Amino acid sequence: MIRVLFATSEVYPLVKTGGLADVSASLPEALCRLEYDVHILLPGYPAAMEAARSEHALKKASIQVGEYGVSIWQTRLPGSAVTLWLVDCPALFDRPGNPYQNSKGEDWWDNAQRYELFCRVAAQIALGQAGIHWTPDIVHCNDWQTGLIPVFLERHQRRPGTVFTIHNLAYQGLFPQEIFRALALPDSLWNMHELEFHGQLSFIKGGLVFADRITTVSPGYAREIQTPEYGYGLDGLLQHRRDRLSGILNGIDTRVWNPEDDPCQDFHYSRDSLENKLLCKARLQEQLGLAPGNAPLLGFIGRMVEQKGLDWLVAGMPSLLKLGCQFALLGSGETRYEEPLKALAQQWPDQVSLTLGYDEVLSHRITAGCDLFVMPSRFEPCGLNQMYSLRYGTLPVVHSVGGLKNTVFDPSDVGLDEANGFSFQEPTARSFLSAIERALEYRDNQRAWRRMQHNAMSGEYSWRLRAKSYGDLYQQVLAEARQ
C-alpha cells in the first residue's frame, strides 16, 4: 500500500478560502477508496484544533523547530475516514478568521515564517525525524504554502517522492530578500534558477524547481501556464519542466452534490425526471424575493474579483434585466464590484438578489434553482461551480479557458448531441453577453434545452477517475526512483 502525506494549507470543512479546500478533502478520500494510505497535514488553525479537541485527538509527537515548540495531533477529517494531522504551533497558527490575512484583509506579516515552519515539519515527518512511526512514499504538496517541502527534501538521498500541484499560479508566495535571510535558507538557493524571482523569495518556485512531478488542476490550465499570458513570469520555467508537468482535472464530491437527494433542497429530481427542478426554481425565487414565474434565472457564486470577470457581468446585467432576466448572486469581494451590484439589486428588486458572503445551503439552492450559471472568468485553473451546475442540469455559460474549456462544450463546437453548456472565446463583456443571448435562444427550444440538460447531468464529475490518475502518477514517481 502506497503511503501519501498530503500537505495543504486548507481543507473543507475546517478552513476554506477557495477550491483548494474542497480538493484537499475530496481527493485524499478518493485515494483512500483506491487503497492508498493517505494522511492529510494541515496547520493547526483554531477551528481545526477545536474540532480535534472535540474528537479527543491523539498527540502523535512534540518537536522543536527553530525557536518554536510544535505538537502534532492526530484526528479524522470531519465526515471522513481520512487521517488528519495538525501542526499545532499557537504562536503562528492560533489566529482568528482567514488563515492568510488579518481582519483588515492584510496578509499576516509573518506568513513566510508560518509556512516555512509548516514545510519543515512536513519534511521532518517525511524523513522519519518527527518521532512518528509512519513515513510516506509520496509527499503531495499543494500551492505556494507547501513549496519549500521539496526544497527541504531534495538534498536527502533516501527521501520520498514529491508531487507539487498548482491550484492557482497567481498566488506565488513572494517575499523580500531579507525574509530569505531571516529564514536562514542556504545562500546557494538564492539564484534565478532556484528560489529567487526578480529580487524576491518565491515559495512556489521551490515546488516548481525541486518536485519530482508538477501537476495542475486541468489539462487546459497546464498548457496555458506555459504561455506569457497566464504564466505570471514562470512560463519559461514551466516550459523547461514540461516533461514533468501534467494537468489532471479536479473532480467533485458527487455524494454532496446530488440533485436526487440533496438535503439542502425541498424538492429532488434526476436527469430523466426534471419536473421538480421547476419547483426548486420557484422556491428559490420565493426565498430571494424575486418575482415568481418563468423568467430566465441566472446564477453566480464566487469571489467578486477581476479574475472572475465581474466587470463583464456588471456591464452585461442592465441589458439582460431589460429582457426580463433575473439574477441570484452569492459571494463577496472587491468594493468596486459589490457596490454596482448593490445598486442594481436596489434598482431591480424583483429581478436581482445579491447575498454578500457565503452560504453553503444557498449555494446548493442557486445551483439547483437557476436556468443558467455564469462563469465569465478571465482565467480559471479548473473551476468547480461549473461541474456542480452541470450535475444539476443548470447549464453553464463560461469563458473558454482552463478547466472551463475541458468541461463545458458549446453546441456550436460539438453539436447538440454532445453539448452541455455555452462558451465564449473573446475576453470581452460583449462576447460574454452574446453567449448569454445565444443561451436564451436555446432555452426557448424546449427539446434542445432538455437534450443539453440530459448531456450535462450524464457527465462523469466524480473523483474516481481523477484519483486513479494521481495514483498512476505516484507510481510513476516511485518507479523512476527505483531506477
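Treat the numbers as computed from the prediction; the structure is a model and nothing was measured.

A. Quick peek at the side chain of Ser-400. Locating Ser-400 in the fold gives a position in the loop between strand 17 (395-399) and helix 16 (402-407). Look past the residues within four positions of Ser-400 in its chain and what remains in contact with it is Lys-405, Ser-423, Phe-424 and Gln-425.

B. Local environment of the nonpolar core. In this structure, Leu-201 and Leu-208 are the most contacted members of the largest nonpolar core, which totals 164 residues. With 10 residues, the single largest contributor to this core is helix 4 (residues 111-126). Residues in contact with Leu-208, not counting those within four places in the same chain, are Phe-164, Ile-166, Leu-169, Ile-214, Leu-234, Leu-237, Leu-238 and Arg-241.

C. Layout of empty space enclosed by the protein. The final tally for this structure, using the stated rule, is one cavity of 30 Å³ or more. In this structure, the largest cavity occupies an estimated 40 Å³ of space. Taken together, Gln-265, Asp-266, Cys-280, Arg-283, Leu-284, Gln-287 and Arg-365 make up the full set of residues lining the largest cavity. Of the residues forming the lining of the largest cavity, the biggest block, four residues, is contributed by helix 11 (residues 275-288). In terms of residue class, the lining of the largest cavity is built from two nonpolar, two polar and three charged.

D. Region of the structure containing the pattern of salt bridges. Summed over the entire model, instances satisfying the criterion amount to 28 salt bridges. For Lys-16, the salt bridge is made with Asp-22, and the minimal N-O distance between the two is 3.1 Å. In this structure Lys-16 comes out as partly exposed when scored by relative accessible area, which is 37%. Here Glu-480 ties to Arg-213 by a salt bridge, and the two come within 2.7 Å at their closest N and O atoms.

E. Representation of the packing of helix 11 against helix 14 (residues 360-369) within the structure. Running from N to C, helix 11 and helix 14 point in directions that differ by 130°, and their axes come no closer than 8 Å. Looking at the two axes, helix 11 sits oblique to helix 14. Judged by the sense of rotation from one axis to the other, the crossing of helix 11 with helix 14 is left-handed. Contacts between helix 11 and helix 14 involve Lys-277, Cys-280, Lys-281, Arg-283, Leu-284, Gln-287 and Leu-288 from the first element and Leu-362, Arg-365, Ile-366, Thr-367, Ala-368 and Gly-369 from the second. Classifying every residue of the contact of helix 11 with helix 14 by side-chain character gives six nonpolar, three polar and four charged.

F. Structural context of helix 18 (residues 429-443). Taking 1.5 Å per residue as the helical rise, helix 18 with its 15 residues ought to reach 21 Å, and the 21 Å between its terminal C-alpha atoms agrees with that figure. Inspection of helix 18 places Ser-431, Phe-432, Leu-433, Ala-435, Ile-436, Ala-439, Leu-440 and Arg-443 among the buried residues, and these make up the whole buried set.

G. Highlighting the side chain of Ser-26. By secondary structure assignment, the location of Ser-26 is in helix 1 (residues 19-33). For Ser-26, a relative accessible area of 12% gives the class buried. When residues no more than four places from it in sequence are discounted, the contact partners of Ser-26 are Asp-253 and Trp-463.

H. Looking closely at the pairing of strand 16 (residues 372-375). A two-sided burial pattern is seen for strand 16, the buried positions comprising Leu-372 and Val-374 on one face and Phe-373 and Met-375 on the other. Here strand 13 (residues 297-304) pairs with strand 16 via two bridges, running parallel. By the bridge assignment for strand 16, Gly-299 is matched with Phe-373. Sheet topology places strand 16 next to strand 17; four bridges connect them, and they run parallel. Bridge pairing links Met-375 to Val-398 in strand 17. For the crossover that starts at strand 16, traverses helix 15 (residues 385-391) and ends in the parallel strand 17, the hand is right-handed.

I. Examining the sheet that holds strand 16 more closely. Spatial ordering of the open sheet is given by 15-14-13-16-17-18, a layout of six strands whose pairing is parallel. Looking at the sheet topology across the chains shown, the edges are occupied by strand 15 (352-356) and strand 18 (422-424). This sheet shows a mean twist of 15° between the axes of neighbouring strands, independent of strand direction. Of the strands in this sheet, strand 13, strand 14 (326-333) and strand 15 touch helix 14, which is tilted by about 145° from strand 13.

J. Structural context of the packing of helix 1 against helix 20 (residues 464-482). Packing of helix 1 against helix 20 brings their axes to within 9 Å, and their N-to-C directions diverge by 75°. By the criterion of interaxial angle, the relationship of helix 1 to helix 20 is roughly perpendicular. The segment helix 1 lies against helix 20, with Leu-27, Ala-30 and Leu-31 engaging Ala-467, Tyr-470, Gly-471 and Tyr-474.

K. Just the state of the cysteines, in detail. Enumeration over the complete set of coordinates arrives at zero disulfides. Free of any disulfide, Cys-119 has its nearest neighbouring cysteine sulfur in Cys-141, separated by 7.3 Å.

L. View of unusual backbone geometry. The omega angle of the peptide bond from Tyr-12 to Pro-13 is 10°, so this bond is cis rather than trans. If you check the backbone angles, His-198 has positive phi at about 50° while not being a glycine. With respect to the element layout, His-198 can be found in the loop between strand 9 (196-197) and strand 10 (200-202). A relative accessible area of 69% places His-198 in the exposed class. With phi around 50°, Tyr-232 is a residue other than glycine that occupies positive phi space. Residue position: Tyr-232 is located in the loop between helix 9 (228-231) and helix 10 (235-240).

Quick notes on the rules
- Residues numbered from 1 in each chain as written.
- Predicted model: local features only at pLDDT ≥ 70, side-chain atom pairs only at ≥ 80, totals over all residues.
- Heavy atoms only, no water.
- Helix = DSSP H or I, 4+ residues; strand = E, 2+ residues; numbered from the N terminus.
- Contact = heavy atoms within 4.5 Å.
- Core = buried A, V, L, I, M, F, W, Y, C linked by side-chain atoms within 4.5 Å.
- Buried < 20%, exposed > 50% of the residue type's maximum accessible area, 1.4 Å probe, protein only.
- 1 Å grid on protein atoms, 1.4 Å probe; cavity = no way out; pocket = protein on both sides within 12 Å on 5 of 7 lines; lining within 4 Å.
- Points joined across faces, edges and corners; volume = space filled by probe spheres on them.
- Nonpolar A, V, L, I, M, F, W, Y, C, P; charged D, E, K, R; others polar.
- Salt bridge = Lys/Arg side-chain N within 4 Å of Asp/Glu carboxyl O.
- Axes fitted to C-alpha atoms, helices over the stretch in contact; angles between N-to-C directions.
- Parallel < 35°, antiparallel > 145°, perpendicular 65-115°, else oblique.
- Left-handed = near helix turned anticlockwise from the far one by under 90°.
- Expected span 1.5 Å × (residues − 1).
- Pairing = 2+ DSSP bridges.
- Right-handed = clockwise from strand over helix to strand, strands pointing away.
- Disulfide = S-S within 2.5 Å.

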